[in-house]
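# Structural characterization, general
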Amino acid sequence: MNHSKTLSRLAHAAALSTGLGSLLFSLAMALHFDPSVGYLNRNAFSTLLYIVLSLFALVCIVTVIGLRKRNEDAAQTTVPDLAAGGRISHVCSLVTAIVFVAAMVWECLGASQADTSSLLRALCALAAAVYFGTCAKKRFAAFGIGVHGYCVLAIATEYFDWTVPMNSPFKIMQSAALVGVMLFMLAELSIRADRATSPARFGVTAALATVFGVTNGIAMITAAIVGDIAPTAYIVRALPSLAIGAYALAHLYSVAHAPAIPFDPPIADTVSDAPQEQEDPDKEQADPALPQSEIQQSPTTNREEE
């Protein structure tokens, strides 16, 4: 099984699942959401959405198994270039930076009431904007941690938001999108920091960030267009996950179509495995620091001379 072909198929599956999921979730939110209780009424769109997500999860499991078998192949000579980037991924990176700048401005405006969490989210959004604004360069990898800080603070804020039911559909999908983004960014930053990252880990996390991030973002935008369904804060915090989801898909396609790089297997410890010569305990070695004239003869030699 070829790494590039597997990642390409995973990218196609993620794109298809994202399109179907976005359509189904948006229709469910627009047509069957009951604002009086904060839940979705029974509808076929939600059922189809669960089926699509289940099939996508099955594709991810098969991908992980296939890529791991490929890694165990003794004849493996090349691996995907996980740091590869194309023009589309660079454009998506710049768009993501703009989205984080807008999120930072919105959080700063919301921090006027001495809201510490909003101020912290604004700082994290600024760090994330720097990372994506430089097209995810290696020397700016530390700023990517701001994405994790922003997502963690957003999940914590929305979890303790008592104005929205705990199992509200957009609240659950928002949390899933933010978690998917954090998992992808762990693999992304590992690549930028030259840490070992398996193709299976990168591909699956990128696909998860794409499906949940883009699906949630499009559904939130649909909710904003339709009417007063989701709070404005939820809609604004869904935009960064939407942008990162699009960037993850573009990055996945770039890696799948980039030329493979040589695979360097770990070098075995030849020193410890090589047979070592055993020294003869009866054989005396002269001290190289002493001159030859000062080397004393052994008692056995002296007896033979007598």
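Moving on: the environment of His32. Position of His32 relative to the elements: it lies in helix α1 (residues 3-32). A sequence separation of 14 residues divides His32 from Ser46, and the C-alpha atoms of the two residues are 9.5 Å apart.

Attention shifts here to a nonpolar patch on the surface. A contiguous nonpolar patch, built from Leu48, Ile51, Leu55, Leu58 and Val62 and spanning about 460 Å² of accessible area, is present on the exposed surface. On the secondary structure map, Leu48 appears in helix α2 (residues 44-71). Assessed through its relative accessible area of 42%, Leu48 is described here as partly exposed.

This part covers the packing of aromatic side chains. Centre distance and the angle of the planes are the two values used to describe a pair of aromatic rings. A full pass over the atoms with the stated rule returns 11 aromatic pairs. Each ring, one from Phe33 and one from Phe170, has its centre 5.9 Å from the other, and the planes form 50°; the classification is tilted. With a gap of 137 residues between them, Phe33 in strand β1 (residues 33-34) and Phe170 in helix α6 (residues 169-192) connect regions that are remote in the sequence. Neither residue differs from the other here; Phe33 and Phe170 are each classed as buried. Both rings, one in Phe160 and one in Trp162, keep their centres 6.3 Å apart while their planes meet at 80°; by these two values the pair is edge-to-face. The exposure classification of Phe160 matches that of Trp162, with both residues exposed. By way of ring pairs, the aromatic residues Phe100, Tyr131, Phe132, Tyr150, Phe184, Phe202 and Tyr247 are connected into one cluster.

Moving on, we get to the confidence of the model for the protein. Model confidence for the protein is summarised by a mean pLDDT of 80, while 77% of its residues fall at 70 or above. Taking the mean pLDDT of every element in the protein, the minimum, 44, falls on helix α9 (residues 270-273) and the maximum, 93, on helix α5 (residues 145-159). Within the model, the stretch residues 266-275 combines pLDDT values under 50 with 1 contact to residues more than four positions away or in other chains. Throughout residues 298-306 the model reports pLDDT below 50, and contacts reaching past four residues in sequence, or to other chains, amount to 3 contacts.

Before going further, it helps to spend a moment on the side chain of Glu188. Tracing the backbone through its elements, the reader meets Glu188 in helix α6. Owing to a relative accessible area of 0%, Glu188 belongs among the buried residues under this scheme. Those residues in contact with Glu188, other than ones at most four positions away along the chain, are Tyr131, Ala136, Tyr247 and His251.

What follows concerns the pattern of salt bridges. For the structure on display, the rule yields 4 salt bridges. With a shortest N-O distance of 3.1 Å, Glu107 and Arg121 are connected by a salt bridge. Taken together, the residues span a long stretch of sequence, with Glu107 in helix α3 (residues 87-110) and Arg121 in helix α4 (residues 116-133) at a distance of 14 residues. Arg121 matches Glu107 in its accessibility class, with the two residues each being buried.

A separate point is the nonpolar core. Phe100, Phe132, Val147, Phe170, Phe184 and Met185 are the most contacted members of the largest nonpolar core, which has 67 residues in total. At the level of secondary structure, the elements contributing two or more residues to this core comprise α1, α2, α3, α4, α5, α6, α7 (199-226) and α8 (232-257). Discounting residues that sit within four places of it in the chain, Phe132 has contacts with Ser93, Leu94, Thr96, Ala97, Phe100, Val147, Met185, Ile244 and Tyr247.

Tracing the chain through its elements places Glu158 in helix α5. For Glu158, a relative accessible area of 2% puts it in the buried group. Residues contacting Glu158, with those up to four places away along its chain left out, are Lys171, Gln174, Tyr234 and Arg237.

Moving on to the state of the cysteines. For the coordinates displayed, the defined rule picks out 0 disulfides. Here Cys124 is not disulfide-linked; the sulfur of Cys151 is the nearest cysteine sulfur, at 9.3 Å.

Among the secondary structure elements, Leu189 is positioned in helix α6. Here Leu189 falls in the buried class, since its relative accessible area comes to 13%. Linking Leu189 and Phe143, residues 46 residues apart in sequence, is a C-alpha distance of 9.6 Å. Each residue touching Leu189, except ones within four places of it in the same chain, is listed here: Tyr131, Ala141, Gly144, Ile145 and His148.

In the contact formed by α6 and α8, the axes pass within 10 Å of each other and the chain directions differ by 40°. Taken together, the axis directions place α6 and α8 in an arrangement best described as oblique. Handedness of the crossing formed by α6 with α8: left-handed. Counted together, Phe170, Lys171, Gln174, Ala177, Leu178, Val181, Phe184, Glu188 and Arg192 of α6 and Tyr234, Arg237, Ala238, Ser241, Ile244, Tyr247, Ala248 and His251 of α8 form the full contact between these two elements. Partitioning the contact of α6 with α8 into residue classes produces 10 nonpolar, 3 polar and 4 charged.

How each quantity is defined
- Residues numbered from 1 in each chain as written.
- Predicted model: local features only at pLDDT ≥ 70, side-chain atom pairs only at ≥ 80, totals over all residues.
- Heavy atoms only, no water.
- Helix = DSSP H or I, 4+ residues; strand = E, 2+ residues; numbered from the N terminus.
- Patch = residues over 30% accessible without salt bridge, like charges linked within 9 Å, V, L, I, M, F, W, Y side chains within 5 Å.
- Areas by Shrake-Rupley, 256 points an atom, 1.4 Å probe, with all protein chains shown as cover.
- Salt bridge = Lys/Arg side-chain N within 4 Å of Asp/Glu carboxyl O.
- Buried < 20%, exposed > 50% of the residue type's maximum accessible area, 1.4 Å probe, protein only.
- Phe/Tyr/Trp six-rings, centres within 6.5 Å; stacked < 30°, edge-to-face > 60°.
- pLDDT = per-residue confidence, 0-100.
- Contact = heavy atoms within 4.5 Å.
- Core = buried A, V, L, I, M, F, W, Y, C linked by side-chain atoms within 4.5 Å.
- Disulfide = S-S within 2.5 Å.
- Axes fitted to C-alpha atoms, helices over the stretch in contact; angles between N-to-C directions.
- Parallel < 35°, antiparallel > 145°, perpendicular 65-115°, else oblique.
- Left-handed = near helix turned anticlockwise from the far one by under 90°.
- Nonpolar A, V, L, I, M, F, W, Y, C, P; charged D, E, K, R; others polar.

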